[in-house]
Amino acid sequence: MAIRNIRIMGDDILTKKCKPVKEMTEKNRELIQDMFDTMYDADGVGLAAPQVGILKRIAVVDITEDHSQPIVIINPEIVYTEGEQRGSEGCLSVPDKVGIVTRPNFVRIKALDMDMNPIEIEGEELLARALIHETEHLDGILYVSKAEGRLYDVEEFQDEE
């Protein structure tokens, strides 16, 4: 398919609330495939539609190194969280930066799949972090608003670990 341009922090679209998806169209299927292609090309683990300039409640996630577990969430809603994890977090829309963010360690999300069937997805640790991070993008929330302290340059942060 196609690699799309990733919008960078400061772009107003990243602060807007996305519209629910009412039906699966060929255009939406193409968008989802392009989002996976774009995310994989940028070595990300998640990407939300506003990050490629589209105000639709669609996000993709795949935390595997071999891209073997692609997840599509349409109109996601966080229905349950539990526990706590504190760790480094980055974002393709905030390139070369990382911040410390505390998030739930477990999440359950209700959403629709590519065929617009209702699904529930549960995730722990990195998957929970990614699912929550991408769902927040759809409400115009960037992780930087939740970061504890300052943002670090990726190289600087790796030196401290």
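Structure's up top.
Residues numbered from 1 in each chain as written. Predicted model: local features only at pLDDT ≥ 70, side-chain atom pairs only at ≥ 80, totals over all residues. Heavy atoms only, no water.

*Asks:* Explain the environment of Val72 to me, please; I cannot follow it from the model alone.
*Replies:* Within the element layout of this structure, Val72 appears in strand E3 (residues 71-82). Residue classification places Val72 among the buried positions, given a relative accessible area of 12%. Separated by 37 residues in the primary sequence, Val72 and Met35 place their C-alpha atoms 9.9 Å from one another. With near-sequence residues (within four places) excluded, Val72 lies in contact with Ile32, Phe36, Ala59, Val60, Leu112, Asp113, Met114 and Ile119. (Helix = DSSP H or I, 4+ residues; strand = E, 2+ residues; numbered from the N terminus. Buried < 20%, exposed > 50% of the residue type's maximum accessible area, 1.4 Å probe, protein only. Contact = heavy atoms within 4.5 Å.)

*Asks:* What's the story with helix H2 (residues 125-137) in this structure? I'm lost.
*Replies:* The α-helix winds at 3.6 residues per turn, so residues separated by three or four positions along the chain end up facing the same way. Here H2 contains 13 residues, and its C-alpha end-to-end distance of 19 Å stays within 8% of the 18 Å for a straight helix at 1.5 Å per residue. In terms of residue burial, H2 counts as a mostly covered element, since 11 of its 13 residues are buried. Burial in H2 covers these residues: Leu127, Ala128, Arg129, Ala130, Leu131, Ile132, His133, Glu134, Thr135, Glu136 and His137. (Expected span 1.5 Å × (residues − 1).)

*Asks:* Teacher, can you tell me more about helix H1 (residues 26-41) here?
*Replies:* Compared with an ideal rise of 1.5 Å per residue, which puts 16 residues at 22 Å, H1 spans 22 Å between its outermost C-alpha atoms and is within 8% of the ideal. Those residues of H1 not exposed but buried are Asn28, Leu31, Ile32, Asp34, Met35, Phe36, Thr38, Met39 and Tyr40. Tucked into the core, H1 has its buried residues touching strand E1 (46-48), strand E2 (58-61) and E3.

*Asks:* Would you mind showing me how to read the pairing of strand E7 (residues 118-124) here?
*Replies:* The side chains of a regular strand alternate, residue by residue, between the two faces of the sheet. Both strand E6 (residues 106-112) and E7 contribute to a ladder of 7 bridges, which runs antiparallel. When the sheet's bridge partners are listed, Ile109 is paired in E7 with Ile121. From the end of E6 to the start of E7, which pair antiparallel, there are 5 residues, and Met116 there has a positive phi angle of about 65°. (Pairing = 2+ DSSP bridges.)

*Asks:* Would you explain the pattern of salt bridges in this entry?
*Replies:* Opposite charge on two side chains permits them to pair, given that their charged atoms come into close proximity. Counted according to the given criterion, the structure contains 13 salt bridges. Among the salt bridges present, the one from Glu89 reaches Arg103, with a minimum N-O distance of 2.8 Å. Of the two residues, Glu89 is situated in strand E4 (residues 85-91) and Arg103 in strand E5 (residues 94-103); the sequence distance between them amounts to 14 residues. Both residues of the pair, Glu89 and Arg103, belong to the buried class. With a closest N to O distance of 2.4 Å, Asp153 and Lys97 form a salt bridge. One end of the pair, Asp153, is in strand E8 (residues 148-153); the other, Lys97, is in strand E5, and 56 residues separate them in sequence. Residue classification places Lys97 among the partly exposed residues on the basis of a relative accessible area of 31%. (Salt bridge = Lys/Arg side-chain N within 4 Å of Asp/Glu carboxyl O.)

*Asks:* I keep staring at the nonpolar core and nothing clicks. Help me out?
*Replies:* Within soluble globular proteins, side chains that are nonpolar tend to cluster in buried spots. Counting 17 residues, the largest nonpolar core has Ile32, Met35, Phe36, Ile58, Val60 and Ile74 as the members making the most contacts within it. Going through the elements one at a time, H1, E2 and E3 are the ones with two or more residues in this core. Of all the elements, H1 adds the most residues to this core, at 6 residues. For Met35, the residues in contact, after removing those within four places along its chain, are Leu47, Ala48, Ala49, Val52, Ile58, Ala59 and Val60. Residues Val61, Ile73, Ala128 and Leu138 belong to the second largest nonpolar core, which totals 16 residues. (Core = buried A, V, L, I, M, F, W, Y, C linked by side-chain atoms within 4.5 Å.)

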